[in-house]
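Single-letter residue listing:
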Amino acid sequence: MEDVLGFAGRSVVVTGAASGMGAATAQTLVDVGANVIALDIKPTSVPVKASFEVDLRDPRTIDDTVAHIPGPVHSVFSCAGLPGPPFTEVDTMLVNFVGARHLIEGLVPKMPEGSSVGMIASAAAVGWQQNLETINEFLANDTFDTAKAYLEKNPDVMGGSGYWFSKQVINAWVGSKGADLIGRGIRLNCINPGPTSTPMMPQFHAAVGKELVDSAMGPIGRYSEPEEQAWPLVLLNSPRMSYVTCEQLWTDGGFLGALTTGRLQAGFAGN
Ligand SMILES: NC(=O)c1ccc[n+]([C@@H]2O[C@H](COP(=O)([O-])OP(=O)(O)OC[C@H]3O[C@@H](n4cnc5c(N)ncnc54)[C@H](O)[C@@H]3O)[C@@H](O)[C@H]2O)c1
């Protein structure tokens, strides 16, 4: 069987394509024959079909980019992100969720039935269900500007970092927005990676300490490589996964399963 994942000739948008998991995702998609459109604040060295410089903190550059992306768009891979400190809580939320949501919603009219959106959240989202009341209050702010204003007015919800809250919000949004989008035939899912060896990792170590990051490793006992996150994300967005939506896939080396069953006594519990 050729074109096993069904991406040959499909038009896909990848954010964060300049580095780490986004670059690995863009390269994987080039390798499986997709027409890749790369979005990042920095240039990418992946040999993509087209690339746009976009700042996910700025809705005008997002709207301008959306206007220049030709349809149809068959899949969106939302990989761009900030780690929290040294970046501000609000900037972290804007890049990791608010701008990502604005981009995805802008692209939806170009997405035909059978298309898909995959986001990268994080194992740092663990326990997001217990925070649903706050998350839903935030999500009620359904435009870029109202969401930003809510965050500026309610800094406490971001827990001093913005990182884990942004990833919890993605997990919740995938469940709720996914239920709307499937009415248009568009699937929405995310992956929750464990610690991964990318250029972001030194920033995590500096922000919370290597010991805490290491405690989020699953029983697999090591960090993942960017390609080990790119493949599950590509698989989730593949048309072969046509019955899978509103799903959070824990690509965490067994972290959640071991934590939930008491096999892992982690200092790390998300927040
Ligand atoms: N590395 C980890 O351990 C880990 C674990 C779980 C989840 N994640 C998440 O994985 C995703 C990819 O991160 P990574 O580890 O590959 O990091 P990375 O730093 O290598 O890549 C992040 C990318 O986002 C881009 N970006 C940053 N700010 C932007 C902006 N304002 N507008 C547009 N693009 C912007 C960067 O230029 C970069 O290319 C992120 O969402 C991150 O939160 C990372």
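Check the entry above for the structure.
What counts, and where the lines are drawn
- Residues numbered from 1 in each chain as written.
- Predicted model: local features only at pLDDT ≥ 70, side-chain atom pairs only at ≥ 80, totals over all residues.
- Heavy atoms only, no water.
- Helix = DSSP H or I, 4+ residues; strand = E, 2+ residues; numbered from the N terminus.
- Rg over C-alpha atoms; globule rule 2.2 N^0.38 Å.
- Buried < 20%, exposed > 50% of the residue type's maximum accessible area, 1.4 Å probe, protein only.
- Contact = heavy atoms within 4.5 Å.
- Areas by Shrake-Rupley, 256 points an atom, 1.4 Å probe, with all protein chains shown as cover.
- Lys, Arg positive; Asp, Glu negative; His and termini not counted.
- Charge placed at Lys NZ, Arg CZ, Asp CG, Glu CD.
- Near = heavy atom within 4 Å.
- Polar contact = N/O pair within 3.5 Å; in protein donor to acceptor, adjacent residues only side chain to side chain.
- Nonpolar A, V, L, I, M, F, W, Y, C, P; charged D, E, K, R; others polar.
- Expected span 1.5 Å × (residues − 1).
- Axes fitted to C-alpha atoms, helices over the stretch in contact; angles between N-to-C directions.
- Parallel < 35°, antiparallel > 145°, perpendicular 65-115°, else oblique.
- Left-handed = near helix turned anticlockwise from the far one by under 90°.
- Pairing = 2+ DSSP bridges.
- Phe/Tyr/Trp six-rings, centres within 6.5 Å; stacked < 30°, edge-to-face > 60°.

Asker: Outline the overall build of the protein chain, listing residues and values.
Answerer: Scanning the protein chain from terminus to terminus reveals 10 helices and 7 strands. Computed over the C-alpha atoms, the radius of gyration of the protein chain is 17 Å, within 12% of the 18 Å expected from 2.2 N^0.38 for a compact globule of 271 residues. By the burial criterion, 54% of the 271 residues in the protein chain qualify as buried. Partitioning the contacts of the protein chain with sequence separation of at least 6, the portion at a separation of at least 24 is 75%. A total of about 11700 Å² of accessible surface is found on the protein chain, and carbon and sulfur atoms cover 54% of it. Seen as two clouds, the 17 positive and the 27 negative side-chain charges of the protein chain have centres 3 Å apart.

Asker: Go over the environment of A121, please, and point to the residues and values.
Answerer: The residue A121 is located in the loop between strand 5 (116-120) and helix 4 (132-139) in this model. On a C-alpha basis, the gap between A121 and N171 in space is 6.9 Å, while along the polypeptide they are 50 residues apart.

Asker: Break down the site of the ligand for me, citing the residues and quoting the values.
Answerer: Taken together, 31 residues form the shell around the ligand, and within it S19, M21, D40, T196 and T198 come nearest. Between the ligand and I41 there is a distance of 3.5 Å, counted from a nitrogen atom to a backbone nitrogen or oxygen. Protein contact buries 95% of the 840 Å² of open area that the ligand shows by itself. Looking at the shell around the ligand, the elements with two or more residues in it are helix 1 (20-31), helix 6 (163-181) and helix 7 (201-208). In terms of residue class, the shell around the ligand is made up of 18 nonpolar, 8 polar and 5 charged.

Asker: A description of helix 9 (residues 226-237) should follow, citing residues and the corresponding values.
Answerer: If you check helix 9, its first and last C-alpha atoms are 17 Å apart, about what 12 residues at 1.5 Å a residue would give, namely 16 Å. Inspection of helix 9 places P226, Q229, A230, P232, L233, V234, L236 and N237 among the buried residues, and these make up the whole buried set. Where helix 9 is buried, its residues meet helix 1, strand 4 (75-78), strand 5, strand 6 (187-191) and strand 7 (247-249).

Asker: Kindly report on the packing of helix 2 (residues 59-68) against helix 3 (residues 89-107), identifying the contributing residues and their values.
Answerer: The contact between helix 2 and helix 3 brings their axes to 10 Å, and the two run at 25°. Comparing the axis directions of helix 2 and helix 3 gives the class roughly parallel. Seen along the crossing, helix 2 lies across helix 3 with a hand that is right-handed. Contact residues: P59, I62, D63 and V66 in helix 2; G99, H102, L103, G106 and L107 in helix 3.

Asker: Break down the sheet that holds strand 5 for me, with residues and values.
Answerer: The strand order across the open sheet built from 7 strands is 3-2-1-4-5-6-7, with neighbouring strands paired in parallel fashion. The open sheet has two free edges, formed respectively by strand 3 (50-53) and strand 7, since each of these has just one partner strand. Across the sheet, the mean angle separating the axes of adjacent strands is 15° when strand polarity is ignored. Where helix 3 meets the sheet, its contacts fall on strand 1 (11-15), strand 2 (35-40), strand 4 and strand 5, and the angle it forms with strand 4 comes to roughly 175°.

Asker: Residues and numbers for the packing of helix 3 against helix 5 (residues 144-153), please.
Answerer: The interhelical angle for the contact between helix 3 and helix 5, taken along N-to-C directions, is 155°, at an axis separation of 10 Å. In terms of their interaxial angle, helix 3 and helix 5 are classed as roughly antiparallel. Helix-helix and strand crossings are classified by hand; for helix 3 and helix 5 the assignment is right-handed. Listed contacts from helix 5 to V90, M93, L94, V98, G99, R101 and H102 of helix 3 are F144, A147, K148, L151 and E152.

Asker: With reference to specific residues and values, describe the packing of aromatic side chains.
Answerer: According to the stated counting rule, one finds 7 aromatic pairs in the structure shown. Ring geometry for F7 against F77: centres 6.2 Å apart, planes inclined by 50°, an arrangement best described as tilted. Note that F7 is positioned in the segment before strand 1 and F77 in strand 4, a separation of 70 residues in sequence. The exposure class of F7 is buried, given its relative accessible area of 0%. Geometrically, the ring pair formed by F97 and W173 is edge-to-face, given 5.6 Å between the ring centres and 80° between the ring planes.

Asker: Summarise the environment of V90; cite the residues concerned and give the values.
Answerer: Relative to the helices and strands, V90 is located in helix 3. Residue V90 is classed as buried on the basis of its relative accessible area of 16%. With near-sequence residues (within four places) excluded, V90 lies in contact with K148, L151, E152 and M158.

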